[in-house]
Amino acid sequence: MSLVEPVPGEPAAVADLGGERALVVADVHAGIEAWLRHEKGFRLDPGAPDRREALFDLVDRTAPDRVVFLGDLAHFFGGPHGAERGEIEVLLERLSVPATLVKGNHDGAIEEVVGDLATVTDPAGIRLGDVGFVHGHTWPSRAVLSADVVCMGHEHPAVALQDEVGGRRVEPVWLRGPLAREPFEERYDDLEWGAPELVVFPAFNDRVGGKWVNDEEASFLAPFLPRGLPEAQAYLLDGTRLGEYRRV
């Protein structure tokens, strides 16, 4: 059994950390509705209650010892405030297990909001047991790269699927494949290489949109991709394997 197993039908996974189990989610982007209204003029019903209940339901179903957020718990770059701050505070206050947040590029001054409600790590990530966790907007730490599996978010991977009559739909996906050593050797001397599998998580918040990884013109945001992931399989949330992501 893999150290990281997706929860069927959900943009979340359970990770075996040796002495404990973690529920892992990426890219919650709390308060995105306020940002869309302020920046784009879009008015959407608040999604905070639904996101909160979805996470709590996953905690009940998977019975983890902790929740690991793979970055971008917040959305506003300048630091959480208003509805965004309220969503984060209520979420963490009501969470029944400890939380660890790997700081993402949207998480700005998140420590001011989180306080002692969660442990916030450096953006370079953290290794827990044999699993490394990183958001993906910066280079992972040496410790993360020494793990057997590396989990990351940031990319919001999705595929565009077309049916026989030309209809198209976009579906979030997981990407899984061996992480290549070369980009990291160029950056780190005497690298302790764990030859890890990389697992790229779909976004937990379905309002953030997705990147079509099967588009010929698609580009990645992480500084080590796509070189660090020369081949990877794409999987739908229900577990359906679509094959090599570029050929979907």
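Just so it is clear, the model here is predicted, and its values are computed rather than measured. (Residues numbered from 1 in each chain as written. Predicted model: local features only at pLDDT ≥ 70, side-chain atom pairs only at ≥ 80, totals over all residues. Heavy atoms only, no water.)

Enquirer: Looking at this model, I keep getting lost on the overall build of the protein chain. Mind explaining?
Expert: Summing up its helical and strand segments, the protein chain has six helices and 15 strands in all. Expressed as a percentage of the 248 residues in the protein chain, the buried residues total 53%. Put simply, the protein chain shows about 11,500 Å² of open surface, and 46% of that area lies on carbon and sulfur atoms. (Helix = DSSP H or I, 4+ residues; strand = E, 2+ residues; numbered from the N terminus. Buried < 20%, exposed > 50% of the residue type's maximum accessible area, 1.4 Å probe, protein only. Areas by Shrake-Rupley, 256 points an atom, 1.4 Å probe, with all protein chains shown as cover.)

Enquirer: Could you clarify how one ought to interpret the sheet that holds strand β5 (residues 99–102) in this entry?
Expert: Spatially, β1-β2-β3-β4-β5-β6 is the arrangement adopted by the six strands of the open sheet, whose pairing is mixed. Taken across any chain shown, the strands that pair with only one partner, and hence form the sheet edges, are β1 (4–6) and β6 (119–121). The sheet shows a mean angle of 25 degrees between the axes of neighbouring strands, taken without regard to direction. In terms of strand pairing, strand β4 (residues 66–69) meets β5 through three bridges, oriented parallel. Among the inter-strand pairings, Phe69 is bridged to a residue of β5, identified as Leu101. Of the strands in this sheet, β2 (13–16), β3 (21–25) and β4 touch helix α2 (residues 48–62), which is tilted by about 155 degrees from β3. (Pairing = 2+ DSSP bridges. Axes fitted to C-alpha atoms, helices over the stretch in contact; angles between N-to-C directions. Contact = heavy atoms within 4.5 Å.)

Enquirer: How should I be thinking about empty space enclosed by the protein in this particular structure?
Expert: The rolling of a water-molecule-sized probe over the atoms marks out the regions of remaining empty space. Enumeration according to the criterion identifies one cavity of 30 Å³ or more in this entry. By volume, the largest cavity amounts to about 40 Å³. Along the walls of the largest cavity sit Val28, Ala48, Arg51, Arg52, Leu55, Glu87, Leu91 and Phe204, which together make up its complete lining. For the lining of the largest cavity, the element with the most residues is α2, which contributes four residues. A breakdown of the residues in the lining of the largest cavity according to their chemical character gives five nonpolar, no polar and three charged. (1 Å grid on protein atoms, 1.4 Å probe; cavity = no way out; pocket = protein on both sides within 12 Å on 5 of 7 lines; lining within 4 Å. Points joined across faces, edges and corners; volume = space filled by probe spheres on them. Nonpolar A, V, L, I, M, F, W, Y, C, P; charged D, E, K, R; others polar.)

Enquirer: Where do I start with the pairing of β2 in this structure?
Expert: Here β1 pairs with β2 via three bridges, running antiparallel. Its bridge partner lying in β2, Glu5 is registered against Val14. With antiparallel pairing between neighbouring strands as the criterion, β1 and β2 make up a hairpin whose turn holds six residues, including Gly9 at a positive phi of roughly 80 degrees. Sheet topology note: the β2/β3 ladder contains four bridges and is antiparallel. Directly across from Ala15, in β3, lies its bridge partner Ala22.

Enquirer: Can you help me understand the packing of aromatic side chains in this one?
Expert: Aromatic ring pairs are reported here in terms of the distance separating the ring centres and the angle at which the planes meet. Applying the stated criterion to the full structure yields six aromatic pairs. Aromatic ring contacts, followed pair by pair, group Trp139, Phe184, Trp193 and Phe224 into a single cluster. (Phe/Tyr/Trp six-rings, centres within 6.5 Å; stacked < 30°, edge-to-face > 60°.)

Enquirer: Teacher, can you tell me more about unusual backbone geometry here?
Expert: Backbone geometry follows two general trends: most residues other than glycine have a negative phi, and most peptide bonds adopt the trans configuration. Put simply, Leu225 and Pro226 share a cis peptide bond, and its omega is 5 degrees. With respect to the element layout, Pro226 can be found in the loop between β13 (211–212) and β14 (233–236). If you check the backbone angles, Ala63 has positive phi at about 50 degrees while not being a glycine. You can see Ala63 is positioned in the loop between α2 and β4. The phi dihedral of Ala195 is positive, around 50 degrees, even though this residue is not glycine. Position of Ala195 relative to the elements: it lies in the loop between α6 (182–185) and β12 (197–200).

Enquirer: What is the right way to read the pattern of salt bridges from this model?
Expert: Proximity of charged atoms lets side chains of opposite charge pair with each other. Counted under the stated rule, the structure contains 14 salt bridges. With a shortest N-O distance of 3.7 Å, Glu244 and Arg247 are connected by a salt bridge. Taken together, the salt bridges that share partners define one network made up of Glu10, Asp57 and Arg61. (Salt bridge = Lys/Arg side-chain N within 4 Å of Asp/Glu carboxyl O.)

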